[in-house]
Amino acid sequence: MAVVPLDLLALLPDEWRVALTPHLDPARTAALAEFVAREYATETVFPPLEDLFSAYRLCSPQACRVLILGQDPYHRAGQAHGLSFSVREGVSVPPSLRNVFKELGEDLGVPKPRSGNLDGWAAQGVLLLNSVLTVRQATPGSHANRGWEEFTDATIRALDVAPGRVVFLLWGGYARKKAALVTNPQHVVLEAGHPSPMNPRGFLGSRPFSAANKALADAGLPTIDWERSAG
């Protein structure tokens, strides 16, 4: 099967492309693009290519106030649509997101959302990102160590030099490795375990939503209406 070349940076919104380019190695980015193009051409890969950079399209670097960082996309059909932890309207809420909503309820008293679509968070300046942005069907971690990690590192570095406070919510071991990239003292890093039910402790009880809003309020920034999840 012929593989159509893929220019990852050309798929990004202009503002993100400008922000990320200084932090990316061109050769590594080209190698990642070649790998991703081949995978989409020969395997079933999630999210669909048209949703690959949905998080970046819905939350510009200038608007970003919170980054929620997970591991890699959902690996079952119909789930991943380019926003970490989110699923589209009508899709059954996966176990990790159920725990996110459980913690949201215990933290802020928010009723269980009617759907797992988190577009409404993105619209308020929450960048819903994974450490690795693609995955083969039914094979979690299959696109790790192929270059996406450097891509998401570049995203964090770009936000680290942002003029306003950004709150980084790093959930799980993959995400927590990124904490050292946040060097600007104006920002706030809040680490927790991954919300997966396979992680019996470390996320539930971490109260990330109230802590993020406090950090934003302390900087004089509007808080996030976490109850407004679906766009």
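Quick caveat: nothing in here was measured; it's all calculated off a predicted structure.

## Side note on the side chain of Asp 72
Thought 1: Locating Asp 72 in the fold gives a position in the loop between strand S2 (66-70) and helix H5 (95-108).
Thought 2: Within the buried set, Asp 72 has no salt-bridge partner at all; the shortest N-O distance to an opposite charge, 11 Å, is to Arg 136.
Thought 3: Reaching out from Asp 72, the side chain makes a polar contact with the backbone nitrogen of Gly 141 at a distance of 2.7 Å.
Thought 4: Those residues in contact with Asp 72, other than ones at most four positions away along the chain, are Asn 130, Val 132, Val 135, Pro 140 and Gly 141.

## Concerning the environment of Ala 55
Thought 1: Looking at the element boundaries, Ala 55 is found in helix H4 (residues 54-58).
Thought 2: The exposure class assigned to Ala 55 is buried, which follows from its relative accessible area of 3%.
Thought 3: Residues in contact with Ala 55, not counting those within four places in the same chain, are Gly 82, Leu 83, Leu 127 and Leu 128.

## Description of unusual backbone geometry
Thought 1: Note that the residue after Phe 46, namely Pro 47, is joined by a cis bond; omega there is -5°.
Thought 2: The topology assignment puts Pro 47 in the loop between strand S1 (45-46) and H4.
Thought 3: If you check the backbone angles, Phe 85 has positive phi at about 70° while not being a glycine.
Thought 4: As for its position among the elements, Phe 85 is in the loop between S2 and H5.
Thought 5: When its relative accessible area of 8% is taken as the criterion, Phe 85 is described as buried.
Thought 6: Although it is not a glycine, Asn 145 sits at a positive phi angle of roughly 60°.
Thought 7: Mapped onto the elements, Asn 145 comes out in the loop between strand S4 (135-136) and helix H7 (148-160).
Thought 8: With relative accessibility at 66%, the residue Asn 145 sits in the exposed group.

Quick notes on the rules
- Residues numbered from 1 in each chain as written.
- Predicted model: local features only at pLDDT ≥ 70, side-chain atom pairs only at ≥ 80, totals over all residues.
- Heavy atoms only, no water.
- Helix = DSSP H or I, 4+ residues; strand = E, 2+ residues; numbered from the N terminus.
- Buried < 20%, exposed > 50% of the residue type's maximum accessible area, 1.4 Å probe, protein only.
- Lys, Arg positive; Asp, Glu negative; His and termini not counted.
- Salt bridge = Lys/Arg side-chain N within 4 Å of Asp/Glu carboxyl O.
- Polar contact = N/O pair within 3.5 Å; in protein donor to acceptor, adjacent residues only side chain to side chain.
- Contact = heavy atoms within 4.5 Å.

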